[in-house]
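Residues per chain, in single letters:
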Amino acid sequence: MKKNVIAIALLASMLLLTACGGGTETAGSAENPAAETTAAEETAQTDTETTAETEAETTEHDTTEAEAETETMNDVENPYIATIAGDWYIDGDPLQGSLHIEPDGTFKQYHAGGVIENTGSIIYETEEVEGTTIGWFHLYNTDGEYVMGFVDDGSDSKTDLYVGNGADPHYIKFGAGGAADDGRGPGEEFVGTWGCGRATLEITQMTDTEFHALVSWSSSAAAHVEWDYPLTYENGRLVCDGKCTKTYIEYASADADPDETVEYTDGSAEFVMQGAGIVWNDLTEHSADDMVFVGG
(Lines give C-alpha, C1' and ligand atoms only; values in the text may rest on other atoms or scores of the structure.)
Protein backbone atom coordinates (compact mmCIF):
# COMPACT_ATOMS: atom_id res chain seq x y z
CA MET A 1 0.00 0.00 0.00
CA LYS A 2 2.76 2.39 0.92
CA LYS A 3 4.57 1.56 -2.35
CA ASN A 4 1.49 2.44 -4.29
CA VAL A 5 1.10 5.72 -2.45
CA ILE A 6 4.74 6.60 -3.02
CA ALA A 7 4.46 5.73 -6.72
CA ILE A 8 1.37 7.87 -7.09
CA ALA A 9 3.07 10.82 -5.30
CA LEU A 10 6.15 10.55 -7.52
CA LEU A 11 3.99 10.42 -10.61
CA ALA A 12 2.05 13.53 -9.49
CA SER A 13 5.28 15.42 -8.80
CA MET A 14 6.61 14.59 -12.24
CA LEU A 15 3.39 15.73 -13.89
CA LEU A 16 3.45 18.98 -11.88
CA LEU A 17 7.05 19.77 -12.88
CA THR A 18 6.30 19.03 -16.56
CA ALA A 19 3.25 21.28 -16.51
CA CYS A 20 5.18 24.24 -14.89
CA GLY A 21 8.04 23.93 -17.41
CA GLY A 22 5.64 23.86 -20.39
CA GLY A 23 3.73 26.88 -19.08
CA THR A 24 6.90 28.89 -18.62
CA GLU A 25 8.07 28.14 -22.19
CA THR A 26 4.65 28.98 -23.68
CA ALA A 27 4.48 32.25 -21.79
CA GLY A 28 8.01 33.14 -22.90
CA SER A 29 7.19 32.33 -26.54
CA ALA A 30 4.07 34.54 -26.47
CA GLU A 31 5.84 37.50 -24.76
CA ASN A 32 8.99 37.86 -26.87
CA PRO A 33 7.34 38.38 -30.33
CA ALA A 34 5.16 41.12 -28.87
CA ALA A 35 8.20 42.90 -27.45
CA GLU A 36 10.01 42.56 -30.78
CA THR A 37 6.97 43.96 -32.67
CA THR A 38 6.73 46.98 -30.32
CA ALA A 39 10.44 47.74 -30.68
CA ALA A 40 10.21 47.53 -34.49
CA GLU A 41 7.24 49.90 -34.53
CA GLU A 42 9.06 52.37 -32.27
CA THR A 43 12.15 52.20 -34.52
CA ALA A 44 10.05 52.80 -37.67
CA GLN A 45 8.29 55.76 -36.04
CA THR A 46 11.62 57.24 -34.94
CA ASP A 47 13.03 56.85 -38.47
CA THR A 48 9.92 58.54 -39.95
CA GLU A 49 10.12 61.46 -37.51
CA THR A 50 13.85 61.85 -38.17
CA THR A 51 13.29 61.84 -41.95
CA ALA A 52 10.47 64.40 -41.64
CA GLU A 53 12.61 66.65 -39.44
CA THR A 54 15.54 66.37 -41.87
CA GLU A 55 13.30 67.22 -44.85
CA ALA A 56 11.80 70.18 -42.96
CA GLU A 57 15.26 71.46 -42.05
CA THR A 58 16.40 71.06 -45.68
CA THR A 59 13.31 72.89 -47.00
CA GLU A 60 13.76 75.68 -44.45
CA HIS A 61 17.45 75.93 -45.34
CA ASP A 62 16.67 76.11 -49.08
CA THR A 63 13.97 78.74 -48.48
CA THR A 64 16.32 80.79 -46.31
CA GLU A 65 19.01 80.63 -49.00
CA ALA A 66 16.50 81.69 -51.68
CA GLU A 67 15.30 84.61 -49.56
CA ALA A 68 18.90 85.61 -48.84
CA GLU A 69 19.73 85.47 -52.55
CA THR A 70 16.71 87.67 -53.39
CA GLU A 71 17.64 90.16 -50.68
CA THR A 72 21.23 90.19 -51.94
CA MET A 73 20.06 90.90 -55.51
CA ASN A 74 17.88 93.73 -54.27
CA ASP A 75 20.64 95.11 -52.08
CA VAL A 76 23.02 95.06 -55.05
CA GLU A 77 20.64 96.48 -57.65
CA ASN A 78 18.94 99.33 -55.80
CA PRO A 79 22.10 101.22 -54.79
CA TYR A 80 23.20 101.29 -58.44
CA ILE A 81 19.86 102.78 -59.54
CA ALA A 82 19.96 105.25 -56.67
CA THR A 83 23.16 106.79 -58.05
CA ILE A 84 21.23 108.18 -61.04
CA ALA A 85 18.02 109.20 -59.25
CA GLY A 86 17.00 112.81 -59.86
CA ASP A 87 16.23 115.20 -62.71
CA TRP A 88 18.39 115.30 -65.83
CA TYR A 89 18.29 117.78 -68.72
CA ILE A 90 19.89 117.53 -72.14
CA ASP A 91 23.08 119.61 -71.97
CA GLY A 92 21.89 120.92 -68.58
CA ASP A 93 19.27 123.17 -70.20
CA PRO A 94 15.87 123.15 -68.36
CA LEU A 95 14.18 124.14 -71.63
CA GLN A 96 15.38 120.97 -73.37
CA GLY A 97 14.27 117.35 -73.08
CA SER A 98 14.66 115.75 -69.68
CA LEU A 99 14.56 112.60 -67.57
CA HIS A 100 13.10 112.14 -64.10
CA ILE A 101 14.42 109.01 -62.35
CA GLU A 102 13.09 107.65 -59.05
CA PRO A 103 15.30 105.64 -56.63
CA ASP A 104 13.13 102.57 -57.29
CA GLY A 105 14.20 102.58 -60.95
CA THR A 106 11.06 104.00 -62.56
CA PHE A 107 11.53 106.91 -64.97
CA LYS A 108 9.73 109.50 -67.08
CA GLN A 109 11.23 110.95 -70.23
CA TYR A 110 10.01 114.36 -71.42
CA HIS A 111 10.17 116.31 -74.65
CA ALA A 112 11.13 119.97 -74.39
CA GLY A 113 8.13 121.79 -72.90
CA GLY A 114 7.18 119.01 -70.50
CA VAL A 115 5.26 116.58 -72.77
CA ILE A 116 5.84 112.97 -71.70
CA GLU A 117 7.68 110.87 -74.28
CA ASN A 118 8.22 107.63 -72.36
CA THR A 119 7.59 106.06 -68.96
CA GLY A 120 9.01 102.79 -67.74
CA SER A 121 11.65 101.08 -65.63
CA ILE A 122 15.44 100.87 -65.51
CA ILE A 123 17.25 97.54 -65.33
CA TYR A 124 20.89 97.39 -64.23
CA GLU A 125 22.79 94.82 -66.28
CA THR A 126 26.44 93.88 -66.67
CA GLU A 127 28.63 92.51 -69.46
CA GLU A 128 32.17 91.17 -69.64
CA VAL A 129 34.46 92.96 -72.06
CA GLU A 130 38.02 91.64 -72.28
CA GLY A 131 37.92 90.51 -68.65
CA THR A 132 36.36 93.74 -67.36
CA THR A 133 32.83 93.92 -65.96
CA ILE A 134 30.89 96.90 -67.32
CA GLY A 135 27.57 98.02 -65.84
CA TRP A 136 24.70 99.46 -67.89
CA PHE A 137 21.54 101.34 -66.99
CA HIS A 138 19.02 100.12 -69.57
CA LEU A 139 15.72 102.00 -69.91
CA TYR A 140 12.62 100.10 -71.04
CA ASN A 141 9.19 101.65 -71.55
CA THR A 142 5.96 100.20 -70.14
CA ASP A 143 5.54 98.08 -73.29
CA GLY A 144 8.91 96.45 -72.67
CA GLU A 145 10.56 98.25 -75.58
CA TYR A 146 14.18 99.37 -75.24
CA VAL A 147 14.54 103.17 -75.03
CA MET A 148 18.24 103.84 -74.37
CA GLY A 149 21.11 102.99 -72.06
CA PHE A 150 23.90 104.62 -70.05
CA VAL A 151 27.25 103.17 -69.02
CA ASP A 152 27.87 103.12 -65.27
CA ASP A 153 31.07 105.07 -64.59
CA GLY A 154 31.27 103.52 -61.11
CA SER A 155 30.85 106.76 -59.17
CA ASP A 156 28.45 107.10 -56.23
CA SER A 157 27.33 110.58 -57.28
CA LYS A 158 26.89 111.14 -60.99
CA THR A 159 26.49 114.47 -62.79
CA ASP A 160 26.63 113.31 -66.42
CA LEU A 161 24.88 110.56 -68.38
CA TYR A 162 25.78 109.80 -71.98
CA VAL A 163 23.51 107.71 -74.18
CA GLY A 164 25.48 104.66 -75.22
CA ASN A 165 29.14 104.96 -74.32
CA GLY A 166 29.91 108.66 -74.71
CA ALA A 167 27.32 109.43 -77.38
CA ASP A 168 24.56 112.03 -77.63
CA PRO A 169 22.32 113.15 -76.12
CA HIS A 170 24.25 114.17 -73.07
CA TYR A 171 22.12 114.48 -69.90
CA ILE A 172 23.35 116.70 -67.06
CA LYS A 173 21.96 116.47 -63.55
CA PHE A 174 19.85 119.39 -62.40
CA GLY A 175 20.03 120.99 -58.95
CA ALA A 176 22.43 121.06 -56.04
CA GLY A 177 25.55 119.02 -56.71
CA GLY A 178 24.89 118.62 -60.42
CA ALA A 179 26.82 120.14 -63.27
CA ALA A 180 23.66 122.14 -64.06
CA ASP A 181 23.58 123.61 -60.55
CA ASP A 182 22.40 127.18 -60.91
CA GLY A 183 23.04 128.10 -57.28
CA ARG A 184 19.43 127.76 -56.21
CA GLY A 185 18.53 125.92 -53.03
CA PRO A 186 16.10 122.98 -52.80
CA GLY A 187 12.65 124.00 -54.01
CA GLU A 188 13.70 127.31 -55.54
CA GLU A 189 13.15 125.93 -59.04
CA PHE A 190 9.39 126.18 -58.32
CA VAL A 191 9.44 129.91 -57.59
CA GLY A 192 7.86 132.16 -60.23
CA THR A 193 4.72 132.64 -62.27
CA TRP A 194 3.47 129.75 -64.38
CA GLY A 195 0.53 129.41 -66.74
CA CYS A 196 -1.71 126.79 -68.33
CA GLY A 197 -4.71 127.91 -70.39
CA ARG A 198 -6.95 130.14 -68.27
CA ALA A 199 -5.14 129.16 -65.05
CA THR A 200 -2.19 130.97 -63.46
CA LEU A 201 0.09 129.56 -60.77
CA GLU A 202 2.25 131.85 -58.65
CA ILE A 203 4.73 130.32 -56.21
CA THR A 204 6.77 132.28 -53.68
CA GLN A 205 9.29 131.13 -51.07
CA MET A 206 8.65 132.00 -47.43
CA THR A 207 11.54 130.20 -45.64
CA ASP A 208 14.13 127.55 -46.53
CA THR A 209 11.47 124.83 -46.51
CA GLU A 210 8.17 126.76 -46.66
CA PHE A 211 6.50 128.07 -49.81
CA HIS A 212 3.18 129.55 -50.89
CA ALA A 213 1.16 128.91 -54.04
CA LEU A 214 -1.86 130.74 -55.40
CA VAL A 215 -3.76 129.24 -58.31
CA SER A 216 -6.21 131.56 -60.08
CA TRP A 217 -8.55 130.08 -62.70
CA SER A 218 -10.88 132.35 -64.63
CA SER A 219 -14.37 131.09 -65.43
CA SER A 220 -15.46 134.37 -67.05
CA ALA A 221 -14.43 138.03 -67.28
CA ALA A 222 -16.17 138.70 -63.97
CA ALA A 223 -15.46 135.52 -61.99
CA HIS A 224 -12.63 133.24 -61.07
CA VAL A 225 -11.64 130.58 -58.52
CA GLU A 226 -8.60 130.78 -56.24
CA TRP A 227 -6.77 128.00 -54.45
CA ASP A 228 -4.53 129.25 -51.64
CA TYR A 229 -1.84 126.74 -50.66
CA PRO A 230 0.66 126.90 -47.78
CA LEU A 231 3.40 124.49 -48.90
CA THR A 232 6.31 122.50 -47.50
CA TYR A 233 9.24 121.22 -49.56
CA GLU A 234 9.42 117.43 -49.22
CA ASN A 235 11.45 114.99 -51.34
CA GLY A 236 11.53 117.21 -54.40
CA ARG A 237 7.86 118.22 -54.16
CA LEU A 238 5.91 121.12 -52.72
CA VAL A 239 3.20 119.62 -50.54
CA CYS A 240 0.03 120.99 -48.92
CA ASP A 241 -1.56 118.61 -46.43
CA GLY A 242 -5.16 119.63 -45.68
CA LYS A 243 -4.59 123.40 -45.43
CA CYS A 244 -5.74 124.74 -48.81
CA THR A 245 -8.54 127.31 -49.03
CA LYS A 246 -10.65 127.34 -52.17
CA THR A 247 -12.64 130.55 -52.86
CA TYR A 248 -15.06 131.47 -55.62
CA ILE A 249 -14.78 135.20 -56.45
CA GLU A 250 -17.32 137.14 -58.56
CA TYR A 251 -17.60 140.84 -59.43
CA ALA A 252 -21.15 142.17 -59.80
CA SER A 253 -19.78 145.33 -61.42
CA ALA A 254 -16.47 147.03 -62.04
CA ASP A 255 -17.04 149.43 -59.14
CA ALA A 256 -18.35 146.94 -56.58
CA ASP A 257 -16.35 144.81 -54.16
CA PRO A 258 -16.26 141.14 -55.18
CA ASP A 259 -18.51 138.54 -53.62
CA GLU A 260 -16.34 135.81 -52.12
CA THR A 261 -17.60 132.32 -51.31
CA VAL A 262 -15.28 129.96 -49.46
CA GLU A 263 -15.93 126.43 -50.68
CA TYR A 264 -13.52 124.60 -48.36
CA THR A 265 -10.49 125.15 -46.13
CA ASP A 266 -9.04 121.64 -45.89
CA GLY A 267 -7.80 120.93 -49.40
CA SER A 268 -4.62 119.03 -50.24
CA ALA A 269 -2.30 119.08 -53.23
CA GLU A 270 1.29 118.71 -54.37
CA PHE A 271 3.33 120.47 -57.04
CA VAL A 272 5.91 118.46 -58.99
CA MET A 273 8.50 119.54 -61.55
CA GLN A 274 7.90 117.83 -64.89
CA GLY A 275 10.55 118.63 -67.42
CA ALA A 276 10.57 122.42 -67.73
CA GLY A 277 7.07 122.74 -66.26
CA ILE A 278 5.10 122.14 -63.08
CA VAL A 279 2.29 119.65 -62.53
CA TRP A 280 -0.42 120.66 -60.04
CA ASN A 281 -1.82 117.50 -58.44
CA ASP A 282 -5.11 118.55 -56.83
CA LEU A 283 -5.62 115.73 -54.32
CA THR A 284 -9.04 117.01 -53.21
CA GLU A 285 -10.99 117.46 -56.47
CA HIS A 286 -8.48 116.53 -59.20
CA SER A 287 -9.18 119.87 -60.87
CA ALA A 288 -5.89 119.91 -62.76
CA ASP A 289 -5.39 116.36 -64.06
CA ASP A 290 -3.10 116.31 -67.12
CA MET A 291 -2.28 120.02 -66.80
CA VAL A 292 1.34 121.21 -67.03
CA PHE A 293 2.12 124.82 -66.08
CA VAL A 294 4.99 126.42 -67.96
CA GLY A 295 6.98 129.54 -67.18
CA GLY A 296 6.32 132.81 -68.94
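Rules used throughout
Within each chain, residues carry numbers counting from 1 in the order of the written sequence. With pLDDT at 70 or above as the cut-off, local features in this predicted model cover only qualifying residues; side-chain atom pairs require 80 or more to be listed or tallied, and sums for whole chains, interfaces and linings still use all residues. As a rule here, side-chain values cover all heavy atoms of the structure and leave hydrogens and water aside. Only DSSP runs of H or I reaching four residues or more are called helices, and only runs of E reaching two or more are called strands; each is numbered from the N terminus. Remark: exposure states derive from per-residue accessible area (1.4 Å probe, protein chains only) relative to the maximum for the residue type, with buried under 20%, exposed over 50%, and partly exposed in between. In this analysis, two residues are considered to be in contact whenever any of their non-hydrogen atoms come within 4.5 Å of each other. Residue exposure ignores everything except the shown protein chains as possible cover, and the areas themselves are Shrake-Rupley values with a 1.4 Å probe. Note: two strands are recorded as paired if DSSP finds a minimum of 2 bridges between them. Orientation is described by lines fitted to C-alpha atoms, with helices fitted over the stretch in contact, and by angles between N-to-C directions that extend from 0 to 180 degrees. Like charges within 9 Å and nonpolar side chains (Val, Leu, Ile, Met, Phe, Trp, Tyr) within 5 Å are joined into patches, using only residues over 30% in relative accessible area that form no salt bridge. Any Lys or Arg side-chain nitrogen found within 4 Å of a carboxyl oxygen on Asp or Glu counts as a salt bridge. None of His or the chain ends enter the tally, which takes Lys and Arg as positive and Asp and Glu as negative. Here the site of a charge means atom NZ of a Lys, CZ of an Arg, CG of an Asp or CD of a Glu. Residues adjacent in sequence count toward polar contacts only when both atoms are side-chain atoms; beyond that, a polar contact is any pair of N or O atoms within 3.5 Å, and within protein one must be able to donate a hydrogen and the other to accept it.

### Considerations on the overall build of the protein chain
Working step 1: Scanning the protein chain for helices and strands turns up one helix and 16 strands.
Working step 2: Residues counted as buried form 29% of the 296 residues belonging to the protein chain.
Working step 3: Long-range contacts, defined here as pairs at least 24 residues apart, represent 34% of the contacts in the protein chain between residues at least 6 apart.
Working step 4: When the accessible surface of the protein chain is totalled, it reaches about 18,100 Å², and 52% of it is carbon and sulfur.

### Here's the deal with the environment of alanine 82
Working step 1: Note on placement: alanine 82 falls in helix H1 (residues 2–82).
Working step 2: Alanine 82 sits 19 residues away from isoleucine 101 along the chain, and the two C-alpha atoms are 8.8 Å apart.

### Brief notes about the sheet that holds strand S11 (residues 210–220)
Working step 1: Taken in spatial order, the eight strands of this closed barrel run S9-S10-S11-S12-S13-S14-S15-S16, and their pairing is antiparallel. On average, each strand axis in the sheet is inclined to that of its neighbour by 30 degrees, with strand direction left out of account.
Working step 2: In terms of strand pairing, strand S14 (residues 259–274) meets strand S15 (residues 277–282) through six bridges, oriented antiparallel. Directly across from phenylalanine 271, in S15, lies its bridge partner tryptophan 280.

### Some remarks on a negative patch on the surface
Working step 1: On the surface, Glu250, Asp257, Asp259 and Glu260 cluster together to form a negatively charged patch.
Working step 2: With respect to the helices, strands and loops of the structure, aspartate 259 is situated in strand S14.

### Digging into the side chain of histidine 100
Working step 1: You can see histidine 100 is positioned in strand S2 (residues 98–101).
Working step 2: A polar contact of 2.7 Å, which involves the side chain of histidine 100, links it to the side chain of aspartate 87.
Working step 3: Apart from the residues within four sequence positions on either side, histidine 100 is in contact with Gly86, Asp87, Thr106, Phe107, Lys108 and Tyr110.

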